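Commentary on secondary and tertiary structure
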Amino acid sequence: MAKNKDSILYVFTVAFSVCLVCAVAVASAAVGLRSLQERNKELDLKSNILAAAGLLQEGVSVEEAFSQIETRLVNIDTGKFSDEFDVDTFDPVAAVRDPAITTALSKEEDIAAIKRRENYTEVYLVLNSEGGIETLILPIRGYGLWSTLWGFIALESDLNTVAGLGFYSHTETPGLGGEVDNPAWKAQWPGKEILNESGELAIEVTKGGNADPNSSYQVDGLSGATLTTKGVNNLVRFWLGEDGFQPFINNLKAGGA
Ligand SMILES: Cc1cc2nc3c(=O)[nH]c(=O)nc-3n(C[C@H](O)[C@H](O)[C@H](O)COP(=O)(O)O)c2cc1C
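A brief report on the enclosed structure follows. Values in this document were obtained by computation on a predicted structure and should not be read as measured data.

**Structural notes on the side chain of glutamate 172**
By the secondary structure assignment, glutamate 172 is in the loop between strand E8 (162-169) and helix H4 (183-186). A distance of 2.8 Å separates a polar side-chain atom of glutamate 172 from the backbone nitrogen of leucine 145. Not counting residues within four places of it along the chain, the set of residues in contact with glutamate 172 comprises Gly144, Leu145, Trp146, Ser147, Leu149, Gly177, Gly178 and Thr228.

Here you go:
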């Protein structure tokens, strides 16, 4: 019997079949590509860790460059290395959102506007042939103008001189706060020092145009992006301060981490 192509049932059957085929295709692509997406995410994170430390080299794959890096778990409260979780399966981004392993920050403590600070995180080390630290790479994050900036800061072997800084995720406005990604702005960081001679936290990001070019501690902020600049200053000072990695850095310096 010939089909009545004008019937409502026929139209619905065709529409449903098309939807079904498309849904299956999209779902299959999403599931099939998930592992590739995860892998690309991991590679992207690794390349950002390397970039912050200035260890990305042309002609060297990210995996190869990352093989010189040792990933360790740190208890931020005690400032010591920890083996409470398996570092191979630990997800530091998920740990930020887990109430069981984060601590609420008071208003005074929360200068980076992150509300809660994770108790455990991953840090990344480049070791020299004697097993000493050549570069230490620490995760940092905090609120800018629009949302949280996520990045890394790398320290040289003295654990006081900045080797580099970079953000891998933020939604600041391109051309304004987004200039945190500008290589010329990032080039100011290497060589800056965290603590002054009295051991006080001295590193700071000033309002754009206000940094003393001879200062070992000041980084010039972004012109026309004062709010992002303040956010970066606050987050850097939070993570390098007492509620962040300062206890860990002090323990490392004393050989007690
Ligand atoms: C559409 C739009 C996007 C903006 N994006 C940013 C931004 O990403 N970061 C920032 O600090 N200020 C941003 N601003 C500017 C702030 O509103 C504010 O004017 C600025 O931070 C003041 O900085 P100044 O004192 O250096 O001029 C933006 C403004 C507009 C209108």
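**What about the site of the ligand?**
Around the ligand, the neighbouring residues are Leu145, Trp146, Glu172, Thr173, Leu176, Gly177, Lys207, Gly224, Ala225, Thr226, Leu227 and Thr228. At a separation of 2.6 Å, an oxygen atom of the ligand approaches a polar side-chain atom of threonine 226. Taken by itself the ligand offers 620 Å² of open surface, and the protein chains cover 55% of this. For the shell around the ligand, the residue count by class is five nonpolar, five polar and two charged.

**Here's the deal with the pattern of salt bridges**
As enumerated under the stated definition, the model contains six salt bridges in all. When the shortest N-O distance is used, the salt bridge between glutamate 63 and arginine 39 registers 3.2 Å. Highlighted residues: glutamate 63 in helix H2 (residues 62-66) and arginine 39 in helix H1 (residues 8-52), separated in sequence by 24 residues. Taken together, the shared-partner salt bridges connect Arg39, Glu42, Lys46 and Glu63 into one network.

**Here we look at the sheet that holds strand E6 (residues 133-143)**
The six strands are arranged E2-E1-E5-E6-E7-E8 in an open sheet whose pairing can be described as antiparallel. The strands lining the two open edges of the sheet, one partner per strand, are strand E2 (80-81) and E8. Taken together, the seven bridges between strand E1 (residues 69-75) and strand E5 (residues 120-127) define a ladder with antiparallel strand orientation. Note on E5: the bridge partner recorded for asparagine 75 is tyrosine 120. Together, E6, strand E7 (148-156) and E8 form the strand contacts of helix H5 (residues 226-239), whose direction differs from that of E6 by roughly 130 degrees. Contacting E1, E2, E5, E6 and E7, helix H6 (residues 246-253) crosses the sheet at an angle of about 170 degrees to E6.

**Re empty space enclosed by the protein**
In this approach a probe as big as a water molecule rolls over the atoms, and the regions it shows empty are the leftover space. Summed over all chains, the structure comprises two cavities of 30 Å³ or more. Considered as a void within the structure, the largest cavity measures approximately 170 Å³ in volume. Around the largest cavity, the lining comprises 16 residues; the ones closest to its centre are Pro92, Thr121, Pro139, Trp150 and Tyr168. The set of elements that each furnish at least two residues to the lining of the largest cavity consists of helix H3 (92-96), E5, E6 and E7. In terms of lining, the second largest cavity is formed by Leu159, Asn160, Ile194, Leu195, Leu240, Gln246, Ile249, Asn250 and Lys253. Considered class by class, the residues forming the lining of the second largest cavity number five nonpolar, three polar and one charged.

What counts and what doesn't
Residues numbered from 1 in each chain as written. Predicted model: local features only at pLDDT ≥ 70, side-chain atom pairs only at ≥ 80, totals over all residues. Heavy atoms only, no water. Helix = DSSP H or I, 4+ residues; strand = E, 2+ residues; numbered from the N terminus. Polar contact = N/O pair within 3.5 Å; in protein donor to acceptor, adjacent residues only side chain to side chain. Contact = heavy atoms within 4.5 Å. Near = heavy atom within 4 Å. Areas by Shrake-Rupley, 256 points an atom, 1.4 Å probe, with all protein chains shown as cover. Nonpolar A, V, L, I, M, F, W, Y, C, P; charged D, E, K, R; others polar. Salt bridge = Lys/Arg side-chain N within 4 Å of Asp/Glu carboxyl O. Pairing = 2+ DSSP bridges. Axes fitted to C-alpha atoms, helices over the stretch in contact; angles between N-to-C directions. 1 Å grid on protein atoms, 1.4 Å probe; cavity = no way out; pocket = protein on both sides within 12 Å on 5 of 7 lines; lining within 4 Å. Points joined across faces, edges and corners; volume = space filled by probe spheres on them.

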